[in-house]
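What the coordinates show
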Amino acid sequence: VRNFADKWAEKPELATAFYEWLDRLEEDLLTARETEGIDRTVVALSESFGEPIRKAAAAIADGYRFERERGTLRFSTASGALSLAGELPVRQHGFYGQN
Amino acid sequence: MQQFLALKALPLTSSATIKCGQIRWVGHFRPTPLSRTYVLRLTYRKPLSPEIVVVSPELKRPGGAPLPHVYPGDRLCLCYPREWKSSQMIAQTIVPWASEWLLHYEFWVASGEWHGGGHEVPVAVHSSARPDE
């Protein structure tokens, strides 16, 4: 575990920068919580966490595909939500189309 | 009629009508708790394939990029040719697949990459709806 404060006595600007980042993080988390859309959530969280958020989003997207391909992805007929707990199985298929 | 009744029975259905053999169905979808709520409209007349489009909100095209996996007119392209047959229930196939398209669309808007799998083919191959495709 990294100790962010170990150099703060020698370099107080590090403390200032840390608390500025913490303020931005709070704003970004609040924005993300109130945001609708995975795309906007990813953008909001990437402001504070950077590339790891985009990698995590890609992994989550791949996870949905993986669950469908192994037959465990399910669909809620009430909300349209996809998860492992809906009423209907999502049957195997392949997206087609021009792009 | 069986297709119509199954669609109408879905709790996410907003409206469902059948006129002169054509089903017109509208439903609300929220693929994940982080997602927007989308309104989709489906039309179907046997023996053609169901057609489904996003009514609202307007779909984003980051940088002017064309939407992934759609037919002309932004009709969602949810399965390979002949992968769906009219003997299959739309409510149990096309409808869940449409929600999956929406989910992967939101990830695509975020990254520009499609993670939902499937094929890419020339436009000319699928320029119009054909029976059971």
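What you see is a predicted model, and the numbers here were worked out from it, not measured in a lab. (Residues numbered from 1 in each chain as written. Chains lettered and ligands numbered in written order. Predicted model: local features only at pLDDT ≥ 70, side-chain atom pairs only at ≥ 80, totals over all residues. Heavy atoms only, no water.)

A separate point is the overall build of chain B. Counting its secondary structure elements, chain B contains two helices and six strands. Secondary structure elements in chain B, listed N-terminal to C-terminal, are α-β-β-β-β-β-β-α. Expressed as a percentage of the 133 residues in chain B, the buried residues total 50%. Within chain B, residue pairs in contact and separated by at least 24 positions form 46% of the contacts whose partners lie at least 6 positions apart. Approximately 6,000 Å² of chain B is accessible, and the part contributed by carbon and sulfur atoms is 55%. (Helix = DSSP H or I, 4+ residues; strand = E, 2+ residues; numbered from the N terminus. Buried < 20%, exposed > 50% of the residue type's maximum accessible area, 1.4 Å probe, protein only. Contact = heavy atoms within 4.5 Å. Areas by Shrake-Rupley, 256 points an atom, 1.4 Å probe, with all protein chains shown as cover.)

Another aspect to go through is the environment of Pro89 of chain A. Examined against the element boundaries, Pro89 of chain A turns out to sit in strand S3 (residues 88-89). Pro89 of chain A gets classed as partly exposed once you look at its relative accessible area, which sits at 35%. Here the alpha-carbon distance between Pro89 of chain A and Thr72 of chain A, two residues 17 residues apart in the chain, equals 7.0 Å. Contact partners of Pro89 of chain A, with chain neighbours within four places excluded, come to Leu73 and Arg74 of chain A together with Gln92 of chain B.

Residue and element names in this part refer to chain A. End to end, helix H2 (residues 38-49) covers 16 Å across 12 residues, agreeing with the expected 16 Å (1.5 Å per residue, within 8%). Within the span of H2, buried status applies to Ile38, Asp39, Thr41, Val42, Ala44, Leu45, Ser46 and Ser48. Just downstream of H2 lies Gly50, where phi reads positive at about 70°. (Expected span 1.5 Å × (residues − 1).)

Residues of chain A with pLDDT of at least 70 account for 96%, and the chain-wide mean is 88. The weakest mean pLDDT in chain A belongs to helix H1 (residues 12-34) of chain A at 81; the strongest belongs to strand S1 (residues 74-75) of chain A at 97. (pLDDT = per-residue confidence, 0-100.)

Attention now goes to the pattern of salt bridges. A complete count under the given rule lists nine salt bridges over all chains for this structure. Taking the shortest distance from any N to any O, the salt bridge between Arg70 of chain A and Glu67 of chain A comes out at 3.0 Å. Overall, Arg70 of chain A belongs to the exposed group, its relative accessible area being 52%. In this structure, Glu106 of chain B and Arg36 of chain B form a salt bridge, with 3.2 Å as the shortest nitrogen-oxygen distance. Here Glu106 of chain B is found in helix H2 (residues 94-111), whereas its partner Arg36 of chain B is found in the loop between strand S2 (22-29) and strand S3 (38-44), with 70 residues between them in sequence. Given a relative accessible area of 10%, Arg36 of chain B falls into the buried group. (Salt bridge = Lys/Arg side-chain N within 4 Å of Asp/Glu carboxyl O.)

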